[in-house]
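Fold and geometry: a report
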Amino acid sequence: MEMLNTFLQQNASVPDGLIGLLRYVVPALSLLLLLRCVIPLLTFRREPEIWAWLNFADGNQVPITHWENVIGRSKNCDVTINFPTVSRNHAVLTRYDDGSWTITDAGSKDGVYVNGKQVQICALNSRSRLSIGGVEMHLQPISEKQEQKMAQLRTKAASGWDGVANLMLLSVLQILMALGFLLGGAGEQILMIAEGFGGILLCQWVLFLFYMIIKRKSFEVETIAFFLCTIGMAAIATVKPQEAMKQLIAMVLGVLVFLFIGWSLRDLERAKKVRYLAVLAGVGFLLITLVFGTEYYGAKNWLVIGGMSLQPSELSKVCFVFAGASTMDRIMNKRNLIMFIAYSVVICGCLALMNDFGTALIFFCAFLIIAYLRSGSMGTVALAITALAFAGVLALRIAPHALQRFATWRHVWEDPHNAGYQQTQALMCIASGGLLGLGPGRGMLHHVFAADSDIAFATISEEWGLITAVLTVLAIAALACFTIRTARVARSSFYIIGGCTAAGILVIQTTLNCLGTLDILPFTGVPFPLLSNGGTSMIGAWGLLAFVKAADTRQNASFAVRLNGRESE
Amino acid sequence: MNRVTKRTWLMGLFIAILVGGMGFFLWEYVGNAAQWVAFTGSPHIYNKTNLGCGTVTDRDGTILLDISAERSYALDPLTRKSTLHWLGDRKGYIKAGAVTHYAGNMVGFDLINGVYSAQEQGGRARLTLSAEIQNTALEALGNRKGTVGVYNYKTGEILCAISSPTFDPDNVPDIEGDTTGAYTGVYLNRFLQSTYPPGSIFKVVTTAAALDCVPGITEKTFYCSGEKTYGEEKVTCETAHGKVNLSTALTRSCNCAFAEIAELVGKKNMENYVRQMQVTQPLSFDGVTTAAGNYDISQTAPVSFAWSCIGQHTDMINPARFMTFMGAIAGEGVGAVPHIMAQVESGETVTYTAKTEKTDRILPKDVAKTLKQYMRSNVANGYGDWNFPGMNVCAKSGTSQLGGDLTSNAMFAGFVDNEEYPLAFIVVVENGGYGASACVPVLSKVLASCKSVLDRG
């Protein structure tokens, strides 16, 4: 180590030359890595699956392509029966993980009859005679053999070698970044920095090996997440290198949470049970914070336990997604929506008491997404937005520091030493860094408060260049695009709602974080998912990622989707 | 399922906000990054509140300020005092707007590399000012407050622009504790930021208006009995000038004649000409903007209107702007916009070179030519050519009354009508008394200094 330092001192131009090179290599590698990860996520073939046939008395056969199907007169139904006695949304046909099927009455006028008896919910077999609004039919599920055949025919997600290549790229990036800090003169802190980057490197390969063992091949979503963690580590390395290990531990915990939620989502019945727990935990986390929490920077959203500062509201987000996700048969039931709205009101009430404006906004947007996905009614959404506007005005009257942020918005240059300090410094440093950055450890923004969290985007931009910083934002946007794209072939609305809401939260947090830093939106001090320094936020972000992953139905892609039968390679 | 799938478009909206917002930011970045970098307090360019990115020299290469690390000023104490208002002080009370404006060029900022290339090597900014002329002007002003501005009306280079009072930044006096008033307004760059009642130098504006819009004005004569009454109020001259025409009225600065000329021009015309000649408009160059002047006759009695055409009433002018106006007369209706930054280098690369920018045409050519003759006559027959040997000076003095017991401000504005020395100038000596007697000795020294600097090349 000492020898290396003396060598560097004697040959001052050598590190300069290498850092000069890094300025080009890091954005190029990041771009290549993201392209390799994002392209398969956005271009995979969406193959509809056929799970059963609905045979009508007149000989017509209709394929059933989802695990949850609405039958009714409306054109928007999955199976449309244009017959006057059929209600618009008449019944929901649901398939379970074990291959069994049920029919549920969705509040129809004339009811659902199985073998001549009116039922509310009833298990079906291939001999069941089904009558909906006087239309006779029977369900013919595909056989286990057909199911296996279908699984074999489906396009496999990326081959394992693509994953290996991507991880190799990411590993090179991590090593180069750590090397950059060494050359940039990080001094004694280089050990902590090396541990930080090395830890991520190790963790990603261990997870990949685990995937190989359980025969899952797709690693794009995870690679993007590890990429963001790596970039976040670069910000921590320059701002608070002593916290690198803490953040690494949070990331490992996050990966474990990711695996746990993924596992619980694999089986819808299990997911529904975990959901109850999550609903309770979501409120529980907030209540505990309210009672035992500590107020920092005007918001009482911190819980200090044994010297560790936790932000339980970050975990509540994950619980909220769980609470909001729902299967089709429950969506068709109005009572469930009302229950969910009531739950949201409780959550929002807690946040209002905690005076945490940013988090409340995120929950609200998540609520909007869930409410719209479930009800499809713009009316509900408009009502909710009006409610927010009123609540917002009230909140602004009550919380002067929130009002100040709005007053500063788009006027930061008028008060660069006080209210606009963080943002003007951020913008100056972004501009100083240019597109390619000044090199690791050469920034000045680390003197500014929250340079590794609230304004981490600017810290990255200053030292590693605007290109790299923008790529992190695009990475999040790509994950969200993926959830939209994969929704078409989702098996259950539970996964669509879960995946979309989780991705939505990631996008909203990124929006508030980055655009707040850049004075495009008011500054709210929300963490950049996976990138900002903050343990709870890191764990929460991985938890959300599990929902995104669970929406992936590509064969062999997601551990959240069960492999078919005893299928082998 | 279908309908839930279709509703996922909502997510697209959120993604669009994120990506659109980033796109908007990138657009702002391309447009504004250079300003962000150079903004006061920008950590890569400033040491705390002070710029810290290279050296600033005068036109001859004399180092005025070295801001690479610690802020060090010129070696000569007089130069430190005379150039302070363009360089800024250590505490940031005096803003060095023009130098700050080029900070981005000094550090070699560009959109792709940011300030990367500038980290090792500093920049160099060369001003058009001459330390030698600055010092001459400051010495000539002595302890009096005021400003002297001289610029080349062909190229726009400002050779001299001092503001007094000033102080030595390496030997800061007790400004806060001063009770003598010696340091009143010391942080102001009077050349840029002050406005003064113009007094009789404003008669040049009225003369130009009359020449353009009153038919046969040059043949008309006026009789001055020493005062012209408007009911109970009056316009007065110190002595009765007797019979005068436009030219002699200007030379002898006859208020009574100008009161009559004002009537011939009329309020509406006068307002239009003041606007057309831009004498009250703020002037912007090199990232600085001067104070705006004032000419308001919207609700005035005839006597006030008469005084407004003599440069009293509520008239206010800014020295830099009025000097530019003089330059435009010298250039027969079109002058050059002044500038203070000659060239900026970052390392070995030239990142900025000043270009001459012409003013709008503010006067018809023939009006400007006649005006030039009149102002030439002022010097030849009034102020005395012996004060400006080897020059061909055209000028007008002014003694602007301040009311109360205050001694009048002395004003003097004009230009040198000479191909070798195309210089326009303004001299303001606050509470200096009579315009010509206070200002001509100052200008005499300053123009001599300009001549020797220009002769040297």
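Right, let's walk through the structure included here. (Residues numbered from 1 in each chain as written. Chains lettered and ligands numbered in written order. Predicted model: local features only at pLDDT ≥ 70, side-chain atom pairs only at ≥ 80, totals over all residues. Heavy atoms only, no water.)

1. Structural notes on the overall build of chain B
To be explicit about the condition: To qualify as a helix, a DSSP run of H or I must reach at least 4 residues; to qualify as a strand, a run of E must reach at least 2; elements of each kind are numbered from the N terminus. Accessibility here uses a 1.4 Å probe with only protein chains present; expressed as a share of the type maximum, an area under 20% marks a residue as buried, one over 50% as exposed, and anything in between as partly exposed. When checking whether two residues touch, look at their non-hydrogen atoms; a contact exists if any pair is within 4.5 Å. Residue exposure ignores everything except the shown protein chains as possible cover, and the areas themselves are Shrake-Rupley values with a 1.4 Å probe.
A tally of regular secondary structure across chain B gives 15 helices and 19 strands. Out of the 457 residues belonging to chain B, those deemed buried represent 58%. Within chain B, residue pairs in contact and separated by at least 24 positions form 67% of the contacts whose partners lie at least 6 positions apart. As displayed, chain B has an accessible area near 17900 Å², and 50% of this comes from carbon and sulfur atoms.

2. Describing the environment of Gln373(B)
Residue and element names in this part refer to chain B. Structurally, the position occupied by Gln373 is in helix H14 (residues 365-383). Residue classification places Gln373 among the exposed residues on the basis of a relative accessible area of 54%. Separated by 21 residues in the primary sequence, Gln373 and Cys394 place their C-alpha atoms 7.8 Å from one another.

3. A few points about the pairing of strand S11 (residues 233-236) of chain B
All names here are of chain B. Stated precisely, the cut-off is as follows: The pairing criterion for strands is at least two bridges between them, as found by DSSP.
As judged from the 4 bridges shared by strand S10 (residues 227-230) and S11, these two strands associate in the antiparallel manner. Each bridged residue has a counterpart across the sheet, and for Glu227 the counterpart in S11 is Thr236. The antiparallel hairpin formed by S10 and S11 contains 2 residues in its connecting segment, where Gly231 sits at a positive phi of about 60 degrees.

4. A few points about the interface of chain B and chain A
As a reminder, the rule being used: Take the accessible area each of two parts loses on contact, using a 1.4 Å probe, and add the two losses: that sum is the buried area. Basic side-chain nitrogens of Lys or Arg form a salt bridge, by our definition, when they fall within 4 Å of a carboxyl oxygen of Asp or Glu. Nitrogen and oxygen atoms within 3.5 Å of one another constitute a polar contact, given that in protein one can donate a hydrogen and the other can accept it, and given that sequence-neighbouring residues count only through two side-chain atoms.
Facing the 42 residues of chain B at the interface are 73 residues of chain A. Summing both sides of the interface, chain B and chain A together bury roughly 4600 Å²; the carbon and sulfur share of this comes to 72%. On inspection of chain B and its partner chain A, the count reaches 1 salt bridge. Residue Glu28(B) is joined to Arg410(A) by a salt bridge in which the shortest nitrogen-to-oxygen separation is 2.6 Å. Applying the counting criterion to the chain B and chain A interface returns 11 residue pairs in polar contact (both at pLDDT 80 or more). The set of elements that each furnish at least two residues to the side of chain B that touches chain A consists of helix H1 (2-7) and helix H2 (9-38) of chain B.

5. Brief notes about helix H11 (residues 267-276) of chain B
Residues separated by three or four positions in an α-helix point in the same direction, a consequence of the helix having 3.6 residues per turn. Residue and element names in this part refer to chain B. Rules: Think of the arc as the fan of directions from the helix axis to the C-beta atoms.
If you check which residues of H11 are buried, you get Met270, Tyr273 and Val274. All buried residues of H11 lie within an arc of 100 degrees about the axis, which places them on one face of the element. For H11, the exposed residues lying more than 90 degrees away from the buried face are Lys268 and Arg275. Against the buried residues of H11 lie helix H8 (203-213), helix H10 (255-265) and helix H12 (302-308).

6. Looking at the packing of helix H5 (residues 190-213) of chain A against helix H7 (residues 244-266) of chain A
What describes two packed helices is the angle between their axes and the distance between those same axes. All names here are of chain A. Cut-off, in case you're wondering: In this analysis an axis means a line fitted to C-alpha atoms, helices contributing only their contacting stretch, and an angle means the value between N-to-C directions, from 0 to 180 degrees. An angle counts as roughly parallel when it lies under 35 degrees, as roughly antiparallel when it exceeds 145, as roughly perpendicular when it falls between 65 and 115, and as oblique in every other case. By definition, turning the near helix anticlockwise from the far helix through less than a right angle yields a left-handed crossing, and turning it clockwise yields a right-handed one. For this classification, Asp, Glu, Lys and Arg are treated as charged, while Ala, Val, Leu, Ile, Met, Phe, Trp, Tyr, Cys and Pro are nonpolar and the rest, including Gly, are polar.
One can describe the packing of H5 onto H7 by two numbers: an axis separation of 8 Å at closest approach and a directional angle of 15 degrees. Considering the angle they form, H5 stands roughly parallel to H7. As H5 runs across H7, the sense of the crossing is right-handed. Between H5 and H7, the residues in contact are Met192, Glu195, Gly196, Gly199, Ile200, Cys203, Leu207, Phe210 and Tyr211 and Ala244, Met245, Leu248, Met251, Val252, Val255, Phe258 and Leu259, respectively. Looking at side-chain class alone, the contact of H5 with H7 contains 14 nonpolar, 2 polar and 1 charged residues.

7. Regarding the pattern of salt bridges
All names here are of chain B. Tallied over the entire structure, the rule returns 23 salt bridges over all chains. Across the salt bridge formed by Asp170 and Arg90, the nearest N and O atoms sit 3.0 Å from each other. With Asp170 in the loop between strand S8 (158-164) and helix H7 (190-193) and Arg90 in the loop between helix H3 (77-87) and helix H4 (97-101), this pair connects stretches of sequence that are 80 residues apart. Of the charged contacts, one joins Glu332 and Lys372 as a salt bridge, the two residues approaching to 3.5 Å between their closest N and O atoms. Of this pair, Glu332 sits in the loop between helix H13 (319-330) and strand S15 (341-346) while Lys372 sits in helix H14, and the two are 40 residues apart along the sequence. Overlapping salt bridges bring together Arg80, Arg90, Asp168 and Asp170 as one network.

8. Some remarks on the sheet that holds strand S18 (residues 409-416) of chain B
The strands making up a sheet are joined through hydrogen bonds of the backbone, oriented either antiparallel or parallel. All names here are of chain B. With antiparallel pairing, 5 strands are arranged side by side in an open sheet as S8-S7-S19-S18-S17. With partners counted over all chains shown, the strands left at the sheet margins are S8 and strand S17 (393-400), one partner each. Put simply, the sheet's adjacent strands are angled 5 degrees from each other on average, direction ignored. Across 6 bridges, the pairing between strand S7 (residues 146-152) and S8 is antiparallel. Following the sheet pairing, Val150 is matched in S8 by Cys160.

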